[in-house]
Amino acid sequence: MEEFQGPEPGRHNTSEIRSQRKWWISVFFCGFLVLTGDSLVMLLLNFYYVQNNRSENDQYQQYRGTWTQALIQNVAFPILIPLFFILPKPETVSDQTNTRHPPFLRVLLLYLSLGVLVSVYSKLYALARLYVGWGILVPAQLILTSLFSAFINRLKFNRWIIISIIFTLAADFFCAPAFSGTPTEDESYTYGIKAWLILIFPTLAFSLSLSLTQLGFERVLAKTKRYGGSNKKVFRMVLEMQIFVSFVATLICLVGLFVSGEFKELKGESERFKKGRTYYSLSLVGLALSWQVWAVGLLGLVLSVSGLFADVVHMCASPVVALLVVLAFDFKDDDFGWQRRGALLGSVLALACYFYYLHKTKKKEMAELNKRDNNSEEA
Ligand SMILES: Nc1nc2[nH]cnc2c(=O)[nH]1
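Residues numbered from 1 in each chain as written. Predicted model: local features only at pLDDT ≥ 70, side-chain atom pairs only at ≥ 80, totals over all residues. Heavy atoms only, no water.

Where an unreviewed UniProt entry is consulted, the chain appears under the name Probable purine permease, with the organism given as Brassica napus. Reading the Subcellular location (unreviewed entry) entry of the UniProt record for the chain gives the comment "Membrane". (UniProt positions renumbered as here; feature names shortened; annotations may be inferred.)

Caption draft 1: Expanded view of the overall build of the chain. Looking only at helices and strands, the chain has 14 helices and zero strands in total. In the chain, the order of α-helices and β-strands from amino to carboxyl end is α-α-α-α-α-α-α-α-α-α-α-α-α-α. Taken across its 379 residues, the chain has 50% of its residues classed as buried. Partitioning the intrachain contacts of the chain with sequence separation of at least 6 by distance along the chain shows that 87% fall at a separation of at least 24. In the structure as shown, the chain presents an accessible area of about 19300 Å², 65% of it carried by carbon and sulfur atoms. (Helix = DSSP H or I, 4+ residues; strand = E, 2+ residues; numbered from the N terminus. Buried < 20%, exposed > 50% of the residue type's maximum accessible area, 1.4 Å probe, protein only. Contact = heavy atoms within 4.5 Å. Areas by Shrake-Rupley, 256 points an atom, 1.4 Å probe, with all protein chains shown as cover.)

Caption draft 2: Local environment of the packing of helix α5 (residues 103-128) against helix α8 (residues 193-220). At a minimum axis separation of 8 Å, α5 and α8 run at an interaxial angle of 155°. Of the possible angle classes, the one that applies to α5 and α8 is roughly antiparallel. Crossing angle aside, the handedness with which α5 passes α8 is left-handed. Grouping the amino acids of the contact of α5 with α8 by side-chain chemistry returns 19 nonpolar, three polar and two charged. (Axes fitted to C-alpha atoms, helices over the stretch in contact; angles between N-to-C directions. Parallel < 35°, antiparallel > 145°, perpendicular 65-115°, else oblique. Left-handed = near helix turned anticlockwise from the far one by under 90°. Nonpolar A, V, L, I, M, F, W, Y, C, P; charged D, E, K, R; others polar.)

Caption draft 3: The arrangement of the nonpolar core in detail. Counting residues in each nonpolar core, the largest one holds 87 residues, and the members touching the most others are Phe217, Met241, Phe309 and Leu358. Formed by five residues, the second largest nonpolar core is a distinct cluster that contains Trp67, Leu71, Cys253 and Leu257. (Core = buried A, V, L, I, M, F, W, Y, C linked by side-chain atoms within 4.5 Å.)

Caption draft 4: Structural detail: the side chain of Asp172. With respect to the helices, strands and loops of the structure, Asp172 is situated in helix α7 (residues 159-174). For the buried residue Asp172, which engages in no salt bridge, the nearest side chain bearing the opposite charge is Arg340, 11 Å off. Within the local environment of Asp172, its side chain forms a polar contact with the side chain of Ser318, the two groups lying 3.2 Å apart. Asp172 has contacts with Val138, Pro139, Met315, Cys316 and Ser318, leaving out every residue within four places of it along the chain. (Lys, Arg positive; Asp, Glu negative; His and termini not counted. Salt bridge = Lys/Arg side-chain N within 4 Å of Asp/Glu carboxyl O. Polar contact = N/O pair within 3.5 Å; in protein donor to acceptor, adjacent residues only side chain to side chain.)

Caption draft 5: Spatial organisation of helix α3 (residues 66-74). For α3, a buried count of nine out of nine residues is recorded, marking the element as mostly surrounded by other parts of the structure. Within α3, the full set of buried residues consists of Thr66, Trp67, Thr68, Gln69, Ala70, Leu71, Ile72, Gln73 and Asn74.

Caption draft 6: Molecular detail of the pattern of salt bridges. What the rule picks out here adds up to five salt bridges. Note that Glu271 and Arg277 form a salt bridge whose closest N and O atoms lie 3.1 Å from each other. Residue classification places Glu271 among the partly exposed positions, given a relative accessible area of 47%. Residues Arg340 and Asp334 are paired through a salt bridge, measuring 2.6 Å at the closest nitrogen-oxygen approach. As far as burial versus exposure is concerned, Arg340 and Asp334 are alike and both buried. One network of salt bridges, with partners in common, ties together Lys267, Glu271 and Arg277.

Caption draft 7: Geometry of the site of the ligand. The environment of the ligand is formed by ten residues, the closest being Gln73, Tyr125, Gln141, Pro202 and His314. In the environment of the ligand, an oxygen atom lies 2.8 Å from a nitrogen or oxygen atom belonging to the side chain of His314. The fraction of the free accessible surface of the ligand (280 Å²) that becomes covered by protein chains is 97%. Listing elements by their share of the shell around the ligand, those giving two or more residues are α5, α6 (134-151), α8 and α11 (277-304). Of the residues that constitute the shell around the ligand, the class distribution is seven nonpolar, three polar and no charged. (Near = heavy atom within 4 Å.)

Caption draft 8: Focus on the packing of aromatic side chains. Evaluated as defined, the whole model comprises 24 aromatic pairs. Stacked on the ring of Tyr279, the Lys or Arg Lys275 has its end atom at 5.5 Å from the ring centre. Cation over ring: Lys362 sits above Trp23, and NZ or CZ is 4.3 Å from the ring centre. (Phe/Tyr/Trp six-rings, centres within 6.5 Å; stacked < 30°, edge-to-face > 60°. Lys NZ or Arg CZ within 6 Å of the ring centre and 35° of its normal.)

Caption draft 9: Layout of a nonpolar patch on the surface. Taken together, the side chains of Ile193, Trp196, Leu197, Ile200, Phe201 and Leu204 present a nonpolar region at the surface, about 570 Å² in accessible area. In this fold, Leu204 is placed in helix α8. (Patch = residues over 30% accessible without salt bridge, like charges linked within 9 Å, V, L, I, M, F, W, Y side chains within 5 Å.)

Caption draft 10: Local environment of the packing of α8 against helix α12 (residues 307-316). Between α8 and α12, whose axes approach to 8 Å, the crossing angle comes to 135°. Relative to α12, α8 is oriented oblique. Counting all contacts with α8, which are made through Phe206, Leu210 and Gln214, the residues of α12 involved are Gly307, Asp311 and His314. Looking at the contact of α8 with α12 residue by residue, the class counts come to two nonpolar, three polar and one charged.

Here it is, written out as structure tokens:
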């Protein structure tokens, strides 16, 4: 292992130490947001489906409501707008990009394509959650994210990343949180190829969106003049990306809600809710806000580290979420047995490996900076 043997920190070192400290704080903060968002979303979804009296619906009806859920996943983005304006604005520079496409067009294309991808995975994820086989495909998502990261983001894998992925896959395979939304007499097997497509497409879209988001931060947003055009990453980019991408996804989900006629069912849903309309509205508002917490954390991790790391943290949340669901609900056969305890340990080890790798990388960066400082002093 490379040791950091630097001289007394010079001017560069002090600013590097400060920027690394800020970076670690933002990684932990975004990780905390993902964990909190994942937990709140699953708790509120379970509450929603328990209260929804789904067993009184026929099979067809039990698979409905997914445009509403997709809309809820994206619609609360306006709460981020004040935050966007509060955060300090980086100094703008004259436009240095001399690409074939003007930056505005590139940014527009980026937001449109990501918005479409997000709407696809929100809608299909809502549907896929209702299918029994979803738990099997969650690990497949991480494998796809790894492949996209390798090919699109040119991520270099080393043994710590690979060990972390293996622990995450094992943890997720053995530990899906209980979910009360599964139709009572599930007949998903009768859907055949359709069910598999519904399971595979959100996985693909989610993994692809993580890699494209990383590419978008690095190649498009960091090069625009409003972010200084100097490849610097600032948290404001996360909010800008989330606001515009969610705006596009919200529009698509709204169209879906109206074209599918699902909006007519909203009144019936609110009346069916066991605890009444106020709780119905509150649970949807809570869900919408929790999704934003999750998304800001996820994009923050993509910006600070990578799409793959964001997916690892998101997946490692599963055992914690499963534990919270066991504590909060009294579902039959749902306990935190040895399998889930093992999965929790797997998640902790997966995160520990990834963090160790990040720690090593940062130490190496610092050592290189020291070396450069020493060389320039000697020259
Ligand atoms: N496809 C997909 N959509 C999501 N939306 C929130 N989490 C996920 C996820 O893990 N996969």
